Amino acid sequence: MLACARIIGSLSVGLGMLLCCGGCALSEAQRVRSELLTAHSLGTASEDSPGEYQLGCGDVVLVRFAQQPAWNGAYRILPHGCAVLPEIGAVQLAGLTTAQAAEHLRALAGQEAGPVSVEVLSFDSQVVYVVGEVQGGSRALPYKGPETVVELLQRAGGLTQDADPTSIRIYRRYPRSHEEEVLHVNLDIILLRRDWRHNYYIQPFDRVIVPRNQWARICDCLPGFWKRFVTRQKGNGATSIP
């Protein structure tokens with residue numbers, strides 16, 4: 001009995017030390033999660049500025065003809081890459097930027113149409129992936145043009161309580177070279193220290209991985225009683241045990 005009491009006492013002391021050490025980390029993570037949901041007008045990594053968006057199959061574009069307003073309308077780019085405009089016919093738009101598409105349509109429509117503008121109404125041809133400790137779970141989200149990793153996580157609904165906001169990774173594959181790049185993101189540095197260098201722009205088909213924090217991983221390894229105890233203490237904001 002004495003030996004059992006000593007073991008339980010040692011476990012309690014050890015667990016108490018873990019909770020005490022983790023209190024600050026959990027508190028800072030909570031600040032990051034709160035700041036993520038309210039932050040706006042953040043800076044970005046200027047060297048990571050995305051290239052012009054290229055239209056794809058499934059996108060919906062709004063086309064305006066300055067001198068023929070009756071021709072204006074919203075058109076979806078079909079699986080063969082064309083949008084069908086009643087006055088012009090099927091026009092190949094997939095792979096073009098909006099500026100290139102406008103110039104192409106103007107050439108086809110002739111001078112009577114005047115200047116042409118093209119705007120993307122719905123980005124339906126490409127997606128980005130959020131994986132791990134994100135509110136709502138892992139899923140694909142529509143790519144909506146230039147958007148930073150902070151803005152994407154805001155659109156996803158924020159992070160869960162078990163997220164590690166300091167170790168987020170963006171996996172980016174380059175189809176032509178078949179190479180993959182890994183970008184490391186620390187929301188603590190971005191949101192609390194206002195260092196924008198890691199607030200990268202998201203590219204189509206990026207995978208944003210949000211891992212579990214160390215305390216969630218520790219809980220995963222604990223026996224049932226201790227797991228319930230630590231979870232209860234963490235939920236109450238406690239950092240010590242009696």
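Anything mentioned here points back to the structure above.
This report concerns the structure included in the present document. Predicted model only: the values in this text are computed from it and were never measured.

With that settled, consider the side chain of Glu147. Mapped onto the fold, Glu147 is located in the loop between β7 (139–142) and α3 (149–156). Of the residues examined, Glu147 reaches a relative accessible area of 10% and is grouped as buried. In terms of polar contacts, Glu147 uses its side chain to reach the side chain of Arg155, at 2.9 Å. The residues contacting Glu147, other than those within four sequence positions of it, are Leu152, Arg155, Tyr200, Tyr201 and Ile202.

Turning next to the pairing of strand β3 (residues 82–85). Where β3 lies against strand β4 (residues 89–92), 4 bridges are found, and the strand directions are antiparallel. Across the sheet, residue Val84 finds its bridge partner in β4, namely Ala90. What sits between β3 and β4 in their antiparallel hairpin is a turn of 3 residues.

Next up on the list: the sheet that holds strand β2 (residues 73–76). Overall, antiparallel pairing links the 3 strands, which are arranged β2-β1-β5 in an open sheet. Either end of the sheet is taken by a strand with one partner, and the two such strands are β2 and β5 (116–122). The mean angle between the axes of side-by-side strands here comes to 30°, regardless of whether they run parallel or antiparallel. Where strand β1 (residues 60–65) lies against β5, 6 bridges are found, and the strand directions are antiparallel. By the bridge assignment for β5, Val63 is matched with Val118. Sheet strands in contact with helix α2 (residues 98–109) are β1 and β5, and its direction is about 130° off that of β5.

Attention now moves to the sheet that holds strand β8 (residues 168–174). Taken together, 5 strands build an open sheet; the order of strands is β7-β6-β10-β8-β9 and the sheet is mixed. This sheet does not close on itself; its edge strands, each paired only once, are β7 and β9 (179–185). Across the sheet, the mean angle from the axis of one strand to that of its neighbour is 25°, orientation sign disregarded. Relative to β9, β8 is paired through 7 bridges, and the arrangement is antiparallel. In the strand pairing of β9, Arg173 is matched with Glu180.

The next subject is helix α5 (residues 214–221). Inspection of α5 places Trp215, Ala216 and Cys219 among the buried residues, and these make up the whole buried set. The arc that holds the buried residues of α5, viewed along the axis, is 100°, so those residues lie on one side.

Conventions adopted
Residues numbered from 1 in each chain as written. Predicted model: local features only at pLDDT ≥ 70, side-chain atom pairs only at ≥ 80, totals over all residues. Heavy atoms only, no water. Helix = DSSP H or I, 4+ residues; strand = E, 2+ residues; numbered from the N terminus. Buried < 20%, exposed > 50% of the residue type's maximum accessible area, 1.4 Å probe, protein only. Polar contact = N/O pair within 3.5 Å; in protein donor to acceptor, adjacent residues only side chain to side chain. Contact = heavy atoms within 4.5 Å. Pairing = 2+ DSSP bridges. Axes fitted to C-alpha atoms, helices over the stretch in contact; angles between N-to-C directions. Arc of directions from axis to C-beta.

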